[in-house]
Amino acid sequence: MTPQDLQARVLYRDGSILVIDKPAGLAVHPGPSTPESLERYLGSLRFGIRESPRLVHRLDRDTSGCLLLARHARGASKLGRLFASSQVRKIYWAIVEGKPGASEGVIDRPLKKITRKEGWRIVPDEAGQRAITRYRVLGTGGGHAWLELAPETGRTHQLRVHCAAEGFPVLGDPVYGRTPSPRAPLHLHARSVTIPLGGERAPVTVTAPPPEHMRAALALCGYRAASAAQGP
């Protein structure tokens, strides 16, 4: 990743907001195992504004797609309020192993973080925080299903844990999946984000194209890039 690479991945820009197409494999924050992170490159996304963009939500390292950034402190406060009141709508695409029993539905399973000496993970637990995900099957093929996932809450690993708990884990999930090694990359993509701009302005919907590593499985499930019927 270079600053120029990241600039080329900007999907939307106005005076307050940036949306980028985050590549799979790039962590949002640095950590012991992820010294290379998006934070290192935020200064290259100023585009003439004195402040560097600020993260207002996150995607897992191996999840690709739409990531929303605030261009300044005032924009970060506004976006924080929109996220807190669930006014920002996010749609994900996933390729899962197996398929749901119904063509659409709602997963309502509370989630809880547990920490052990080998690390932490998220598990369904009635004592946890409420977590709700709406899903819709967009296609099937090759023993997999292509899902549209719309989270109504924003819990850590929510989509991955919900899919696994329902019996159709995300393909390539190294923590909650079931396919033995060698694994495919994680097939989870933040397909679109819709942001209400306020006043008389219409909401903005930004869409990220599916990443290269998901295209073969998507095609098996019926995805055609030129089709206008694929939805957001």
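Structure shown above.
Rules and cut-offs
- Residues numbered from 1 in each chain as written.
- Predicted model: local features only at pLDDT ≥ 70, side-chain atom pairs only at ≥ 80, totals over all residues.
- Heavy atoms only, no water.
- Core = buried A, V, L, I, M, F, W, Y, C linked by side-chain atoms within 4.5 Å.
- Buried < 20%, exposed > 50% of the residue type's maximum accessible area, 1.4 Å probe, protein only.
- Helix = DSSP H or I, 4+ residues; strand = E, 2+ residues; numbered from the N terminus.
- Contact = heavy atoms within 4.5 Å.
- Pairing = 2+ DSSP bridges.
- Phe/Tyr/Trp six-rings, centres within 6.5 Å; stacked < 30°, edge-to-face > 60°.
- Lys NZ or Arg CZ within 6 Å of the ring centre and 35° of its normal.
- Polar contact = N/O pair within 3.5 Å; in protein donor to acceptor, adjacent residues only side chain to side chain.
- Expected span 1.5 Å × (residues − 1).

Draft legend 1. Structural detail: the nonpolar core. In this structure, Val19, Val96, Leu149, Leu188 and Ile195 are the most contacted members of the largest nonpolar core, which totals 42 residues. Broken down by secondary-structure element, the contributors of at least two residues to this core are β2 (17-22), β4 (64-70), α2 (73-84), β5 (89-97), β10 (144-151), α3 (158-165), β11 (188-195) and β12 (204-207). The leading source of residues in this core is β4, at 5 residues. Ignoring sequence-local partners within four residues, the contact set of leucine 188 consists of Asp62, Thr63, Ser64, Tyr92, Trp93, Ala94, Leu149, Leu159, Arg160, Val170 and Met214. By size, the runner-up hydrophobic cluster in this structure holds 9 residues, among which are Trp93, Leu171, Cys221 and Tyr223.

Draft legend 2. Molecular detail of the pairing of β10. For β10, the tally of buried residues reaches 7 of 8 residues, placing the bulk of the element in the interior. With 6 bridges connecting them, β5 and β10 associate as antiparallel partners. Within β10, the residue paired with glutamate 97 across the bridge is histidine 144. Note: strand β9 (residues 132-141) against β10, 8 bridges, orientation antiparallel. The partner of arginine 134 across the bridge, within β10, is alanine 150. Between the antiparallel neighbours β9 and β10 lie 2 residues, among them glycine 142 with a positive phi of about 65 degrees.

Draft legend 3. Summary view of the packing of aromatic side chains. One pass over the structure, following the stated rule, counts 4 aromatic pairs. With 5.6 Å between their ring centres and 90 degrees between their planes, tryptophan 146 and tyrosine 223 make a pair best called edge-to-face. Of the two residues, tryptophan 146 is situated in strand β10 and tyrosine 223 in the segment after α4 (212-220); the sequence distance between them amounts to 77 residues. Grouping residues by exposure puts tryptophan 146 and tyrosine 223 together as buried. Positioned above the aromatic ring of tryptophan 120 is the side chain of lysine 113, whose terminal nitrogen or guanidinium carbon lies 4.5 Å from the ring centre. Its guanidinium or amino end placed over the ring of tryptophan 93, arginine 191 lies 4.1 Å from that ring's centre, counting from NZ or CZ.

Draft legend 4. Structural detail: unusual backbone geometry. One non-glycine residue with positive phi stands out, namely phenylalanine 47, at about 50 degrees. Along the polypeptide, phenylalanine 47 turns up in the loop between β2 and β3 (54-55). We classify phenylalanine 47 as partly exposed; its relative accessible area is 32%. If you check the backbone angles, histidine 157 has positive phi at about 60 degrees while not being a glycine. Mapped onto the elements, histidine 157 comes out in the loop between β10 and α3.

Draft legend 5. Representation of the side chain of threonine 194 in the model. Note that threonine 194 resides in strand β11. At 2.8 Å, the side chain of threonine 194 forms a polar contact with the side chain of threonine 205. Aside from chain neighbours lying at most four places away, what touches threonine 194 is Gln87, Val88, Arg89, Pro203, Val204 and Thr205.

Draft legend 6. Spotlight on α2. For α2, built from 12 residues, the straight-helix expectation of 16 Å at 1.5 Å per residue is met to within 8% by its first-to-last C-alpha distance of 16 Å. Lining the buried residues of α2 we find β2, β3, β4 and β11. Looking one or two places after α2, you find serine 86, whose phi comes out positive at around 60 degrees.

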